[in-house]
Amino acid sequence: MAAVGGVGRRRRAWRWAMRAAASAVLWTAVVQLASIAGLFRPRVLADCGGGGGGGGVGAAAGLAALAGEDSVAARLSPPALLPKTILLALELIRLMLLSTGIYKSNGYLRVTCNGGLNQMRAGVRTSTLVASCNDFGDIFDVDHFINSLRDELMIIKELPLKLQLRTKKRLYSMPPVSWSNETYYLKRVIFDLSYCIVEAAINTMGITSDLKAFLLQILPLARKHRVIHFEKSDTRLANNGLPIQLQMLRCRVNFEALRFTPQIEALGKKLISTLQRSGQFVVLHLRYEMDMLSFSGCTHGCSSKETEELTRMRYAYPWWKEKEIDSEAKRLQGFCPLTPEEITLVLKALGFTKDTLIYIASGEIYGGERRLAALKAAYPKLIRKEKILSPDELRPFQNHSTQMAALDYMVSLASDIFIPSYDGNMARVVEGHRRYMGFRKTIVLDRKKLVELLDLFQGGALSWDEFSDAVKEAHKNRMGQPTDRKIIPGQPKEEDYFYANPQECLGYNGGLRDVS
């Protein structure tokens, strides 16, 4: 008993020693950081509680500079000290806290992954994350996901028992605002240095009153409720204006940590191997499923009976907000997927010959074989996974659309050329993933221009050669080459999607990789 007691005392002494060391290093880091950002000026602290004065301006500038949000403030701050002093101190703190088991979370974030396969591919950076997406474990390798990110964030499969019981009675839920930057999520502002420094800073950053109230509530809410449930998780982060470290983490999560289950990976590799034995192949992501057409209101090429059927379906789903849709106007703006007949003409115009092996990545095509007739006539080597794999091989995945989509995702990544007929979630994420893998060729169709050219050609205003030359000219710079993302301040839906072109992750020092 004495020996056991001695071991226990030594362990407690070691733990307290490590805590003391961690505290010393943490205090050193805080003091150094405060001196850099000018946060310890007495008038800043005096401003807590709504007082006037200019001290908050210094705090806000320091916070903005360190967060990478204010280019002017960043130039005025002494950046050389931050990586060498603060980051080293923080790394030492992290290692010591993790090694001694005294890491303490401010709370748990529980995320509901809404939507299909590619809406789930969203990274969340926070203190502790509960992996609780309903279908996540059926699609992705959960253990690989957790282990590959353990140096960045703590992810757990389930809540502690006490909190499980608590959340069954009451769970605090909230839908995060779409396209938000890291400030919105409070970011433990400068290591949660001081609640009143946070208040002084945001008072001077031009933040709206609603957002200010939200900022000052998130951390207290996490501490109060212990578990915050984010009801939605797609498009919750802005495309641009985030620190490079956070953008790099998004790439790591989406392109490395998210790996499919061993069963999906094995079948996907068999699909790819079979296709590659036949030579080079193209993946055509043909978005022409019934629900997609109904939701978008795109009925070009459909019969009147089909148009009525699609309209009835749209009105049957109350959460589809847009009901009255002008299909032709939407098509002319480039907001509709190309029809199978249109994509046939485009492929020919781009120079794809009759012997091209084309893999169709999609769900069930609306109109069935009738709508695919022109495409099959032009490209006899048209193939789908159902023709390569046996019914027995596909049976475990047959009633799980996201798992079937995962197989198409793997084949799309491995293809020699990827061509999406519409820029939906899968098309954009595959485009970005292929860039991440070395700028593999992806032909991003300019649908607005193509609709104009198609109508001119089919109306007799253009000859075939003129049509083909115009199509090639319109797409010579849309082949997945290195390029900068289009940024439109205040219009995140109109600018380039981060995951379609994660340029921060494609080279060194934030630049694009040289692939010449």
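Remember, predicted model here, so these are calculated numbers, not experimental data. (Residues numbered from 1 in each chain as written. Predicted model: local features only at pLDDT ≥ 70, side-chain atom pairs only at ≥ 80, totals over all residues. Heavy atoms only, no water.)

1. Focus on the packing of aromatic side chains
Point 1. A full pass over the atoms with the stated rule returns 12 aromatic pairs.
Point 2. A ring pair is formed by Phe-255 and Tyr-499, whose centres lie 6.5 Å apart and whose planes are at 85°; its orientation type is edge-to-face. Here Tyr-499 lies in the segment after helix H24 (464-475) and Phe-255 lies in helix H12 (residues 244-257), a separation of 244 residues in the sequence.
Point 3. On the accessibility criterion, Phe-255 (8% relative accessible area) is buried.
Point 4. The buried category is assigned to Tyr-499, whose relative accessible area is 4%. (Phe/Tyr/Trp six-rings, centres within 6.5 Å; stacked < 30°, edge-to-face > 60°. Helix = DSSP H or I, 4+ residues; strand = E, 2+ residues; numbered from the N terminus. Buried < 20%, exposed > 50% of the residue type's maximum accessible area, 1.4 Å probe, protein only.)

2. What to know about the state of the cysteines
Point 1. For the structure shown, the criterion picks out two disulfides.
Point 2. In this model Cys-298 forms its disulfide with Cys-336; the gap between the sulfur atoms is 2.0 Å. An S-S torsion of about -85° defines the bridge between Cys-298 and Cys-336 as left-handed. Of the two residues, Cys-298 is situated in the loop between helix H14 (290-296) and helix H15 (304-316) and Cys-336 in the loop between helix H16 (327-332) and helix H17 (340-350); the sequence distance between them amounts to 38 residues.
Point 3. Free cysteine: Cys-302, not disulfide-bonded; nearest cysteine sulfur from Cys-298 at 9.4 Å.
Point 4. Residue classification places Cys-302 among the buried residues on the basis of a relative accessible area of 15%. (Disulfide = S-S within 2.5 Å.)

3. Thoughts on the sheet that holds strand S9 (residues 417-420)
Point 1. Spatially, the four strands line up as an open sheet ordered S8-S7-S6-S9, and their pairing is parallel. At either margin of the open sheet sits one strand with a lone partner, and together these are strand S8 (382-383) and S9.
Point 2. As defined by bridge partners, strand S6 (residues 282-285) adjoins S9 across four bridges and the pair is classed as parallel. Each residue of the ladder has a partner; that of Val-283, found in S9, is Phe-418.
Point 3. Against the sheet, helix H22 (residues 425-436) engages S6 and S9, with an angle of about 155° to S9. (Pairing = 2+ DSSP bridges. Contact = heavy atoms within 4.5 Å. Axes fitted to C-alpha atoms, helices over the stretch in contact; angles between N-to-C directions.)

4. Quick notes on the environment of Ile-358
Point 1. Within the secondary structure, Ile-358 is located in strand S7 (residues 358-361).
Point 2. According to the relative accessible area criterion, Ile-358 is buried, its value standing at 1%.
Point 3. The spacing of Ile-358 and Ser-415 is 57 residues in sequence and 9.7 Å in space, taken between C-alpha atoms.
Point 4. Ignoring anything within four residues of it in the chain, the contact list for Ile-358 reads Val-282, Leu-284, Leu-347, Tyr-379, Lys-381, Leu-382 and Ile-383.

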